[in-house]
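# Architecture at a glance
Each chain is listed here by its residues.
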Amino acid sequence: MDLGGSKIETALVNTDGGILASHHRSTHPEKNPDKVIADIVASTKICLREANQAAWGLGIGVAGQVDKLTGTVRFAPNLGWRNMPLRARLEEALGLPVVINNDVRAATWGEWRHGAGQGVDDLVCLFIGTGIGGGIISGGCLLKGCYNSAGELGHITIIASGRQCRCPNQGCLEAYASGWAIAERAQEAVRADPRAGQTLVALADDIQHISAATISRAYSDGDSLALRLMEETAQYLAAGVVGIVNAFNPCLLILGGGVIQGLPEYIPLIERSVRANALETAVEHLRIVTAALGNKAGVIGAAALARSKIEEPL
Ligand SMILES: [Zn+2]
């Protein structure tokens with residue numbers, strides 16, 4: 001299951017990462033947590049009924065920080081949760097072992113086991129969507145950190161005292177190159193130069209509705225402001241990636257998420273800049289590829305991660 005603030009994606013996944021049944025529904029965090037729990041239970045039962053099979057367990061990738069020992073969701077801002085004992089509640093309701101992880105780490109596991117990273121034991125996934133998250137596989141292990149929060153690659157600083165991020169810091173990669181930041185920068189650029197922004201406003205109907213998807217569409221139409229914003233975003237992403245590959249020396253960098261899916265042209269621009277600016281030892285064996293599982297990486301990875309935990313409890 002991939003549990004976010006707007007949707008619950010559920011799938012019954014086999015040992016090869018194949019999807020046997022799936023179910024999608026909206027999350028309603030504005031109601032109460034019991035409603036979300038009830039929706040999780042209902043989604044799980046629908047998938048099992050559809051496939052007419054039993055499951056070994058339920059793996060969940062949740063958009064938040066998870067206590068790996070207790071399965072408690074410490075903080076999930078998009079769900080409005082603090083200290084939610086999710087594993088305990090679901091094990092009681094479903095009678096299945098439940099394994100809970102951060103959603104981006106689950107997606108990283110999915111790409112590693114069943115997607116673009118199969119067979120590579122040193123890789124980094126960077127998912128650029130509404131926010132920016134990542135995961136690091138180093139020496140065949142998912143890097144967890146001291147308190148299970150390693151991989152927050154969107155919050156590395158690329159510009160000291162730069163734009164305010166949604167975390168306490170200023171100048172994070174996410175504050176420049178995530179979906180929300182691209183939208184903010186685009187809206188500022190249009191306000192500063194309304195003539196140059198005419199195409200973006202026409203596509204979005206309103207300045208406030210200009211999003212990263214608007215930039216993708218305007219770029220494809222040859223709009224010059226969209227081109228400039230896209231090239232600047234690629235430079236910010238490259239600045240982040242240079243630090244990431246220098247720090248972790250992956251064999252493979254997998255780029256995914258809605259921003260990259262919407263405009264794959266980012267990848268060659270990022271790659272050129274990274275090869276020019278990173279340490280030679282960091283890039284001479286580096287490959288940069290697109291994520292292979294799309295928006296199914298989360299459910300496939302959550303399932304595979306749960307299976308690995310259930311088979312070999314830590
Ligand atoms: Zn940040």
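Throughout what follows, the structure given in this document is the object of discussion.

Thresholds, definitions, all that
- Residues numbered from 1 in each chain as written.
- Predicted model: local features only at pLDDT ≥ 70, side-chain atom pairs only at ≥ 80, totals over all residues.
- Heavy atoms only, no water.
- Pairing = 2+ DSSP bridges.
- Helix = DSSP H or I, 4+ residues; strand = E, 2+ residues; numbered from the N terminus.
- Contact = heavy atoms within 4.5 Å.
- Axes fitted to C-alpha atoms, helices over the stretch in contact; angles between N-to-C directions.
- Donors = N, O, S within 2.8 Å, 3.2 Å for Na, K, Ca; no water.
- Buried < 20%, exposed > 50% of the residue type's maximum accessible area, 1.4 Å probe, protein only.
- 1 Å grid on protein atoms, 1.4 Å probe; cavity = no way out; pocket = protein on both sides within 12 Å on 5 of 7 lines; lining within 4 Å.
- Points joined across faces, edges and corners; volume = space filled by probe spheres on them.
- Nonpolar A, V, L, I, M, F, W, Y, C, P; charged D, E, K, R; others polar.
- Expected span 1.5 Å × (residues − 1).
- Polar contact = N/O pair within 3.5 Å; in protein donor to acceptor, adjacent residues only side chain to side chain.
- Phe/Tyr/Trp six-rings, centres within 6.5 Å; stacked < 30°, edge-to-face > 60°.
- Salt bridge = Lys/Arg side-chain N within 4 Å of Asp/Glu carboxyl O.
- Core = buried A, V, L, I, M, F, W, Y, C linked by side-chain atoms within 4.5 Å.

Spatially, the 5 strands line up as an open sheet ordered S11-S10-S9-S12-S13, and their pairing is mixed. The outermost strands of the open sheet, each flanked by one partner alone, are strand S11 (141-142) and strand S13 (287-290). Examined bridge by bridge, strand S10 (residues 132-138) and S11 share 2 bridges and lie antiparallel to one another. Within S11, the position partnered with Ile 137 by the bridge is Leu 142. Sitting on the sheet, helix H8 (residues 224-248) touches strand S9 (123-128), S10 and strand S12 (252-256), and the angle it makes with S9 is about 160°. Of the strands in this sheet, S12 and S13 touch helix H10 (residues 266-277), which is tilted by about 165° from S13.

Moving on: the coordination of the zinc ion. Protein-derived coordination of the zinc ion comes from His 155 (ND1), Cys 165 (SG), Cys 167 (SG) and Cys 172 (SG), at a distance range of 2.0 to 2.4 Å. The sequence pattern describing where the donors of the zinc ion fall on their chain is H-x9-C-x1-C-x4-C. Taking the relative accessible area as the measure of exposure, Cys 165 reaches 5% and is therefore buried.

Empty space among the atoms can be located by rolling a probe the size of a water molecule over them. Space inside the largest pocket adds up to approximately 1400 Å³. In this structure, the largest pocket is lined by 43 residues; those nearest its centre are Ala 63, Asn 78, Asp 103, Val 104 and Gly 131. Of all elements in the fold, only strand S1 (2-3), strand S2 (7-13), helix H3 (103-114), S9, S10, helix H9 (258-262) and helix H12 (297-311) reach the threshold of two or more residues within the lining of the largest pocket. Considering each element in turn, the lining of the largest pocket owes the most residues, 5 residues, to H3. Considering only residue class, the lining of the largest pocket consists of 14 nonpolar, 20 polar and 9 charged.

On to H3, then. Relative to the 16 Å expected for 12 residues at 1.5 Å per residue, H3 spans 16 Å between its end C-alpha atoms, a close match to the ideal helical length. Here H3 lies mainly inside the structure; 11 of its 12 residues are buried. Every buried residue of H3 is accounted for by Asp 103, Val 104, Arg 105, Ala 106, Ala 107, Thr 108, Trp 109, Gly 110, Glu 111, Trp 112 and His 114. For H3, the N-terminal cap is Asn 102; the gap from its side-chain oxygen to the backbone nitrogen of Val 104 is 2.8 Å.

According to the stated counting rule, one finds 2 aromatic pairs in the structure shown. Between the aromatic rings of Trp 109 and Trp 112, the centroid separation amounts to 5.1 Å while the plane-to-plane angle is 90°, which identifies the pairing as edge-to-face. A residue pair is termed a helical-turn pair when its members lie 3 or 4 positions apart in one helix, as Trp 109 and Trp 112 do in helix H3 at 3 residues. Take Trp 109 and Trp 112: they sit in the same class, and that class is buried. Judged by centre distance (4.6 Å) and plane angle (45°), the rings of Tyr 176 and Tyr 236 are tilted. With Tyr 176 in helix H4 (residues 174-177) and Tyr 236 in helix H8, the pair connects residues that are 60 residues apart, well separated along the chain. Residue classification places Tyr 176 among the buried positions, given a relative accessible area of 7%.

Considering all chains together, one arrives at 10 salt bridges under this definition. Taking the shortest distance from any N to any O, the salt bridge between Asp 2 and Lys 7 comes out at 3.7 Å. The residue Arg 25 makes a salt bridge to Asp 39 at a minimum N-O spacing of 3.1 Å. With Arg 25 in strand S3 (residues 19-26) and Asp 39 in helix H1 (residues 33-51), the pair connects residues that are 14 residues apart, well separated along the chain. Taking the relative accessible area as the measure of exposure, Asp 39 reaches 4% and is therefore buried. One network of salt bridges, with partners in common, ties together Arg 25, Lys 35 and Asp 39.

Residues Leu 255, Tyr 266, Ile 270 and Val 274 are the most contacted members of the largest nonpolar core, which totals 43 residues. No other element matches H8, which puts 11 residues into this core. Setting aside anything within four residues of it in sequence, one finds Ile 270 in contact with Ala 234, Leu 237, Ala 238, Val 241 and Leu 255. Of all hydrophobic cores here, the second largest spans 22 residues; its members include Val 36, Ala 76, Trp 81 and Val 98.

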